[in-house]
Amino acid sequence: MAEREAEAAVAETLRKLAVVFADFEQRLEATPLIRRLTRGRFEVADYHAFLINLRQQVKDGALWMSRAASNIGEDHLELRSTLMRHAVTEHRDFRLLEADFTASGGALEDIQSAPKNVGSEALSAWMFHEASKPDPFGLLGAMFIIEGLGSIKARPWGLKVQERLALPDEAVRFLLYHGDNDAEHMKEFEEMLGMVLPDPFIAERIVTTARVTARLYALQIEEIAA
């Protein structure tokens, strides 16, 4: 009975998260940067601006994930271990962005010294705020948004960048890599949901956190101006 309840709660939470993600996709498609990419007016300067701003969020990702894991109590050690593995796997991903930047003609010091934009600042502050709470299970909703973006959008975006700019694979490795690997992370995400559900309060918090994360992530992309 408990297992069936957990499965039902996971399925219902995933349904609600899918609704949030659909709205998130629409917001992204409406941003100036993504419109330029999908409508064929994308330039190298646009790609460099994208990489510069994405680097800030990606570099912080492993840090807030590690903080969240450290705040998970002993009742959920398996979830703590899973988050720690994610943090270890992804903590050097920002180096891929730097490599893509230089392979596409940018100077390394430019991407390393660039400040966060308004959206990146807000997103980072939000993620660390949530990660600092005891048992920050709501961050599973944030992971759904970020990992979902990687599994659904990263590869198509990477291929479009290559098509528009005639870049080699080594200049779009971050997008192509995450497009190939984040789908597996989404399978693991369902398992993580099962570790904390059913609990109506936690389920609601996961969906709320996903909604806030999606809005702030979209703001981050909106603020990118080449």
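The structure we're discussing is the one just above.
Residues numbered from 1 in each chain as written. Predicted model: local features only at pLDDT ≥ 70, side-chain atom pairs only at ≥ 80, totals over all residues. Heavy atoms only, no water.

Participant: Could you give an account of the side chain of Thr-13, with specific residues and numbers?
Facilitator: Looking at the secondary structure, you find Thr-13 in helix α1 (residues 2-29). When its relative accessible area of 3% is taken as the criterion, Thr-13 is described as buried. Those residues in contact with Thr-13 that lie beyond four places of it in its chain are Leu-193, Leu-197, Ala-203, Ile-206 and Val-207. (Helix = DSSP H or I, 4+ residues; strand = E, 2+ residues; numbered from the N terminus. Buried < 20%, exposed > 50% of the residue type's maximum accessible area, 1.4 Å probe, protein only. Contact = heavy atoms within 4.5 Å.)

Participant: So what's going on with empty space enclosed by the protein? Which residues, and what values?
Facilitator: A complete count under the given rule lists 4 cavities of 30 Å³ or more for this structure. The computed volume of the largest cavity comes to approximately 350 Å³. In terms of lining residues, the largest cavity is bounded by 23 residues, among which Gln-57, Val-58, Ile-146, Phe-174 and His-178 are the most central. Those elements giving two or more residues to the lining of the largest cavity turn out to be α3 (44-70), α8 (139-165), α9 (173-196) and α10 (200-222). Residue composition of the lining of the largest cavity, grouped by class: 15 nonpolar, 4 polar and 4 charged. Size it by volume and the second largest cavity reaches roughly 80 Å³. In this structure, the second largest cavity is lined by Gln-56, Gln-57, Asp-60, Gly-61, Trp-64, Lys-116, Ser-120, Leu-123, Ser-124, Met-127, Ile-146 and Gln-220. Those elements giving two or more residues to the lining of the second largest cavity turn out to be α3 and α7 (118-131). For the lining of the second largest cavity, the element with the highest residue contribution is α3, accounting for 5 residues. Residues belonging to the lining of the second largest cavity are distributed by class as follows: 4 nonpolar, 6 polar and 2 charged. (1 Å grid on protein atoms, 1.4 Å probe; cavity = no way out; pocket = protein on both sides within 12 Å on 5 of 7 lines; lining within 4 Å. Points joined across faces, edges and corners; volume = space filled by probe spheres on them. Nonpolar A, V, L, I, M, F, W, Y, C, P; charged D, E, K, R; others polar.)

Participant: Can you break down the layout of surface pockets residue by residue, with the values?
Facilitator: Estimates place the volume of the largest pocket at around 170 Å³. Looking at the largest pocket, the residues that line it are Glu-130, Lys-133, Pro-134, Asp-135, Pro-136, Phe-137, Gly-138, Asp-199, Phe-201, Ile-202 and Arg-205. Partitioned by chemical class, the residues of the lining of the largest pocket number 5 nonpolar, 1 polar and 5 charged.

Participant: Lay out α8 with the relevant residues and their values.
Facilitator: At Lys-153, α8 is bent by approximately 45 degrees, the largest bend along its length, and proline Pro-156 sits one to four residues beyond. With 19 of 27 residues buried, α8 is to be regarded as a mostly interior element. One or two steps after α8, the chain reaches Ala-166, where phi turns positive at roughly 55 degrees. (Bend = angle between axes of the 7 residues up to and from the residue.)

Participant: Tell me about the packing of aromatic side chains, residues and numbers included.
Facilitator: Within the structure shown, the criterion is met by 5 aromatic pairs. Ring geometry for Phe-21 and Phe-24: centres 5.6 Å apart, planes at 70 degrees, overall edge-to-face. Taken together, the residues span about one helical turn, with Phe-21 and Phe-24 both in helix α1 at a distance of 3 residues. Judged by its relative accessible area of 5%, Phe-21 is buried. In this structure Phe-24 comes out as buried when scored by relative accessible area, which is 1%. Cluster of aromatic residues (ring-pair linked, three or more members): Phe-21, Phe-24, Phe-144, Phe-189 and Tyr-217. (Phe/Tyr/Trp six-rings, centres within 6.5 Å; stacked < 30°, edge-to-face > 60°.)

Spatial relationships are all this shows, so hold off on functional conclusions.
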